[in-house]
Amino acid sequence: MKYCTHIINTPIGTIMAECDGEAITKLDFTDEPNQISTSVHPLLLQLENELLEYFDSKRTVFTLPLNPEGTPFQKEVWKILQKIPYGTTISYAQESKWFGNPKATRAVANANGKNPIAILIPCHRVIASGGGLGGYSGGIDKKEFLLKLENIYPKS
């Protein structure tokens, strides 16, 4: 399977997108955009357009097919993340309840940290039970920006 990559410049940094020709497989922040060859695959161009609309507050739902690579457990956790509506946050504890195992909070949080498709699989919408931001593999500053963009941080 041939993967295509594309660099997207956003208000919170440069993002590297990847697709397998049929679905988005990766969306992650990069500090080395010049090291990545870029493709004009239609899925990647549509992704760029949808992301720019999102950052312009003109899009709340993404329409692209996703195919993240991970373990079966991680994939199930990422399906839960995709159910969190735009403009909403849940806690890690709530997420583990949605997952069906309230005692799996730490394992669910670890799976969130392995999410290969930032923003579209919205792990940024999961916060600590006390209302703190919790973690974000892209950096807390990016998580804060995304939550502010969706008008859900700081909580009132």
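Calculation rules
- Residues numbered from 1 in each chain as written.
- Predicted model: local features only at pLDDT ≥ 70, side-chain atom pairs only at ≥ 80, totals over all residues.
- Heavy atoms only, no water.
- Pairing = 2+ DSSP bridges.
- Helix = DSSP H or I, 4+ residues; strand = E, 2+ residues; numbered from the N terminus.
- Axes fitted to C-alpha atoms, helices over the stretch in contact; angles between N-to-C directions.
- Contact = heavy atoms within 4.5 Å.
- Polar contact = N/O pair within 3.5 Å; in protein donor to acceptor, adjacent residues only side chain to side chain.
- Salt bridge = Lys/Arg side-chain N within 4 Å of Asp/Glu carboxyl O.
- Buried < 20%, exposed > 50% of the residue type's maximum accessible area, 1.4 Å probe, protein only.
- pLDDT = per-residue confidence, 0-100.
- Arc of directions from axis to C-beta.
- Core = buried A, V, L, I, M, F, W, Y, C linked by side-chain atoms within 4.5 Å.

What about the sheet that holds strand β2 (residues 13-19)?
Now for step 1: An order of β1-β2-β3 is seen for the three strands of this open sheet, with the pairing classed as antiparallel. On the outer flanks of this sheet lie β1 (4-10) and β3 (24-29), each paired with one strand and no other. Strand-to-strand twist in this sheet, taken as the mean axis angle between neighbours without regard to direction, amounts to 20 degrees.
Now for step 2: Relative to β2, β1 runs antiparallel, the two sharing seven bridges. By the bridge assignment, C4 is partnered in β2 with C19.
Now for step 3: Contacts from helix α1 (residues 42-55) reach β1, β2 and β3, with the element oriented near 20 degrees to β1.

Let's talk about unusual backbone geometry
Now for step 1: Residue I119 is not a glycine yet carries a positive backbone phi of 70 degrees.
Now for step 2: Position of I119 relative to the elements: it lies in the loop between α4 (105-113) and β5 (126-127).
Now for step 3: Residues other than glycine seldom take positive phi values, yet N151 does so here, at roughly 60 degrees.
Now for step 4: Within the secondary structure, N151 is located in the segment after α5 (140-149).

Section: the side chain of D20
Now for step 1: Considering the arrangement of structural elements, one finds D20 in the loop between β2 and β3.
Now for step 2: One polar contact links D20 to N67, side chain to side chain, over a distance of 3.2 Å.

Structural notes on the pattern of salt bridges
Now for step 1: Taken as a whole and assessed by the stated rule, the structure comprises five salt bridges.
Now for step 2: Put simply, E76 and K79 hold a salt bridge, and the shortest N to O gap is 3.3 Å. On the criterion of helical spacing, the pair formed by E76 and K79 is a turn pair, its members being three residues apart in helix α2 (residues 72-81).
Now for step 3: Residue K79 is classed as partly exposed on the basis of its relative accessible area of 46%.
Now for step 4: Bridged by salt links that share partners, the residues E50, E53 and R59 form one connected network.

Re the confidence of the model for the protein
Now for step 1: For the protein, per-residue confidence averages 91 on the pLDDT scale, and 97% of positions sit at 70 or higher.
Now for step 2: Confidence, expressed as mean pLDDT per element, reaches its minimum in the protein at β5 with 92 and its maximum at α2 with 97.

Observations concerning the pairing of β3
Two faces, one strand: in a regular strand the side chains alternate between the faces of the sheet.
Now for step 1: In this structure, β2 lies alongside β3, joined through five bridges in antiparallel fashion. Bridging across to β3, E18 finds its partner in K26.

Remarks on α2
Every α-helical turn comprises 3.6 residues, leaving residues that sit three or four positions apart pointing alike.
Now for step 1: Along α2, the residues classified as buried are Q74, V77, W78, I80 and L81. Taken around the axis of α2, the buried residues stretch over an arc of 150 degrees, which confines them to a single face.
Now for step 2: Tucked inside the fold, the buried residues of α2 contact α3 (92-99), α4 and β5.

Section: the nonpolar core
Nonpolar side chains in soluble globular proteins tend to end up buried together.
Now for step 1: Residues I24, L27, L47, L51, F55, I119 and L120 are the most contacted members of the largest nonpolar core, which totals 36 residues.
Now for step 2: Going through the elements one at a time, β1, β2, β3, α1, α2, α4 and α5 are the ones with two or more residues in this core.
Now for step 3: No other element matches the six residues that α1 contributes to this core.
Now for step 4: Not counting residues within four places of it along the chain, the set of residues in contact with F55 comprises T10, P11, I12, I119, F145, L146 and L149.

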